[in-house]
Amino acid sequence: MTDAFIPKNIIVTGGCGFIGSNFVHYVYNNHPDVHITVLDALTYAGNLENIKPILGDRVEFVHGNICDAQLLDELVPGHDAIVHYAAESHNDNSIANPEPFVKTNVEGTFRLLEAARKYDVRFHHISTDEVYGDLALDDPAKFTEETPYHPSSPYSSTKASSDMLVRAWHRTYGLRTTISNCSNNYGPYQFPEKLIPLFINNIRNDRPLPVYGKGQNVRDWLYVEDHARAIDLIFHEGKIAETYNIGGFNEWKNIDLIKVIVKTVDRLLGRPEGASEKLITYVADRAGHDLRYAIDSTKLKEELGWEPTLQFEEGIEKTVRWYLHNQKWIDNVTSGEYQRCYQDMYNQK
Ligand code: NAD
Ligand code: TYD
């Protein structure tokens, strides 16, 4: 039994980042009657270019921080839902400097929950499978919604904390909430600090590919549009207070995935097969590096009928083509030029 929910006016936090911007495009393309307010602080990971072509009557951009209670007081009334993507999202950054992670992921989620409570707005929290910790490489188990939380990194522990806050706001105040915990996403508009866009760009530029440790760690990969479709479904038809795991049933050892990327980029650039394998460079392992993530999304399939649609080989091909065809996007990101988009559009100094 699900609660059908038909929002007309939603806030998407972090809608200029990788997954948030893909979701904004998805809603724009599939729900012509929905108005979207994107709230984004435009940190280094936020790129207004990602949604610039669709800004207008149906997609409005608000530059602001989710920790700003006063701003939320002005913004939230009149909206019927918040879909919360904004976060500090990169594990390596969280190891080097955890403070912004606690601020944005914990305090920011708290501020949003308070605003949602005050104005009785439905709340969906985008979270990660990393809250469950990691599995042994040879363990047949996968994470289910019942797996106890056991986060390893500053990033995943702040996401676990924010999930707990969401649950408490439902139980204590009756806030209408849902949570989704997703595996590693890939696709267009991902900041090239993450494995897949970083490696595509490095291969294109003949730069080393830094493989942490022995490259044996395993991740489950999901195409970002399949994630957007899952969120859309949970948001409309998911049951209040429930958590849904989202994953691709698509586990890859890092080194095997890297070889697929190398092969695909070489082929599309017309280089001899495997020519760029020489760029693979084993480097010191990430501190506390989670061994394996594997997610069981059976509940989402059985309750709401969701399944990933894109085969991995097809998704990787599509992704590599996107980065190669959008060299200006990635060059603007790596040079810092992308940060001018906001200044140019809003004529700020
Ligand atoms: P991202 O780093 O690409 O984007 C984050 C966005 O949030 C950026 O636009 C940034 O400007 C904005 N932001 C950061 N701090 C803010 C603040 N204080 N106020 C307002 N905006 C702020 O992240 P992503 O990879 O798109 O991840 C989005 C969400 O999905 C995160 O909550 C992350 O935990 C979750 N998630 C990510 C993955 C993945 O594979 N990347 C997998 C599962 C879940
Ligand atoms: P990443 O894209 O940072 O995502 P996450 O930490 O959320 O899984 O990394 C994916 C995997 O690739 C992870 O096991 C770490 C590894 N990795 C490298 O080996 N080298 C790199 O330069 C990066 C960024 C990641």
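Anyway, here's the lowdown on the structure attached to this text. (Residues numbered from 1 in each chain as written. Chains lettered and ligands numbered in written order. Predicted model: local features only at pLDDT ≥ 70, side-chain atom pairs only at ≥ 80, totals over all residues. Heavy atoms only, no water.)

**Focus: the site of ligand 1**
Near ligand 1 there are 28 residues, and of these Ile19, Asp40, Ser89, Tyr155 and Lys159 occur at the shortest range. At a separation of 3.1 Å, a nitrogen atom of ligand 1 approaches a polar backbone atom of Ala41. Here an oxygen atom of ligand 1 sits 3.0 Å away from a polar atom, N or O, in the main chain of Thr43. Across the complex, the protein chains shield 97% of the 830 Å² of accessible surface that ligand 1 would expose by itself. In terms of residue count, strand E5 (residues 122-128) provides more of the shell around ligand 1 than any other element does, 3 residues in total. (Near = heavy atom within 4 Å. Polar contact = N/O pair within 3.5 Å; in protein donor to acceptor, adjacent residues only side chain to side chain. Areas by Shrake-Rupley, 256 points an atom, 1.4 Å probe, with all protein chains shown as cover. Helix = DSSP H or I, 4+ residues; strand = E, 2+ residues; numbered from the N terminus.)

**Focus on the packing of aromatic side chains**
All chains considered together, the criterion is met by 20 aromatic pairs. With centroids separated by 6.1 Å and ring planes inclined at 45°, the aromatic side chains of Phe61 and Tyr346 adopt a geometry described as tilted. With Phe61 in strand E3 (residues 59-63) and Tyr346 in helix H12 (residues 340-346), the pair connects residues that are 285 residues apart, well separated along the chain. Among the residues examined, Phe61 registers a relative accessible area of 10% and is labelled buried. The interplanar angle of 35° and the centroid separation of 4.9 Å between the aromatic rings of Trp252 and Phe312 together place this pair among those described as tilted. A residue pair is termed long-range when its members are at least 10 positions apart, and Trp252 in strand E11 (residues 251-253) and Phe312 in helix H10 (residues 312-325) qualify at 60 residues. The burial state of Trp252 is the same as that of Phe312; both residues are buried. Through a chain of ring-to-ring contacts, the aromatic side chains of Tyr186, Tyr223, Trp252 and Phe312 assemble into a single cluster. Stacked on the ring of Tyr28, the Lys or Arg Arg58 has its end atom at 4.1 Å from the ring centre. Over the ring of Tyr244 we find Lys299, and its NZ or CZ is 4.8 Å from the ring centre. (Phe/Tyr/Trp six-rings, centres within 6.5 Å; stacked < 30°, edge-to-face > 60°. Buried < 20%, exposed > 50% of the residue type's maximum accessible area, 1.4 Å probe, protein only. Lys NZ or Arg CZ within 6 Å of the ring centre and 35° of its normal.)

**Here's the deal with the packing of helix H6 (residues 195-204) against helix H11 (residues 327-335)**
Between H6 and H11, the least distance of the axes is 12 Å, while the angle of their chain directions is 100°. As summarised for this structure, H6 and H11 are arranged roughly perpendicular, according to the angle between their axes. Counted together, Pro197, Asn201 and Arg204 of H6 and Gln327, Ile330, Asp331 and Thr334 of H11 form the full contact between these two elements. Within the contact of H6 with H11, the residues separate by chemical class into 2 nonpolar, 3 polar and 2 charged. (Axes fitted to C-alpha atoms, helices over the stretch in contact; angles between N-to-C directions. Parallel < 35°, antiparallel > 145°, perpendicular 65-115°, else oblique. Contact = heavy atoms within 4.5 Å. Nonpolar A, V, L, I, M, F, W, Y, C, P; charged D, E, K, R; others polar.)

**Focus: H11**
All of the buried residues in H11 are Trp329, Ile330, Asn332 and Val333. The arc that holds the buried residues of H11, viewed along the axis, is 160°, so those residues lie on one side. Turned more than 90 degrees from where H11 packs its buried face, Lys328, Thr334 and Ser335 sit exposed. Looking at the buried positions of H11, the neighbouring elements they touch are H6 and H10. Where H11 terminates, the next one or two residues include Gly336, which has phi positive at roughly 90°. (Arc of directions from axis to C-beta.)

**Quick word on the pattern of salt bridges**
Taken as a whole, this structure holds 20 salt bridges when the rule is applied. Between Lys118 and Asp73 there is a salt bridge, and its shortest N-O distance comes to 3.0 Å. With Lys118 in helix H4 (residues 99-118) and Asp73 in helix H2 (residues 69-75), this residue pair connects regions lying 45 residues apart in the sequence. We classify Asp73 as partly exposed; its relative accessible area is 32%. When the shortest N-O distance is used, the salt bridge between Glu107 and Arg111 registers 3.4 Å. Taken together, the residues Glu107 and Arg111, both in helix H4 and 4 residues apart, mark about one turn of the helix. Given a relative accessible area of 24%, Glu107 falls into the partly exposed group. Using a relative accessible area of 29% as the deciding quantity, one classes Arg111 as partly exposed. Salt bridges sharing partners connect three or more residues here, namely Lys103, Glu107 and Arg111. (Salt bridge = Lys/Arg side-chain N within 4 Å of Asp/Glu carboxyl O.)

**What to know about the sheet that holds strand E6 (residues 177-182)**
Spatial ordering of the open sheet is given by E3-E2-E1-E4-E5-E6-E10, a layout of 7 strands whose pairing is parallel. Unpaired on one side and paired on the other, E3 and strand E10 (243-246) mark the two borders of the sheet. Shown here is a sheet whose adjacent strand axes are inclined to one another by a mean of 20°, direction ignored. The sheet contact formed by strand E2 (residues 35-40) and E3 spans 5 bridges and is parallel. Across the sheet, Thr37 pairs through a bridge with Glu60, a residue of E3. Docked against the sheet, H4 engages strand E1 (9-13), strand E4 (81-84) and E5, running at close to 160° with respect to E5. Packed on one face of the sheet, helix H5 (residues 154-173) meets E5, E6 and E10 and runs near 155° to E5. (Pairing = 2+ DSSP bridges.)

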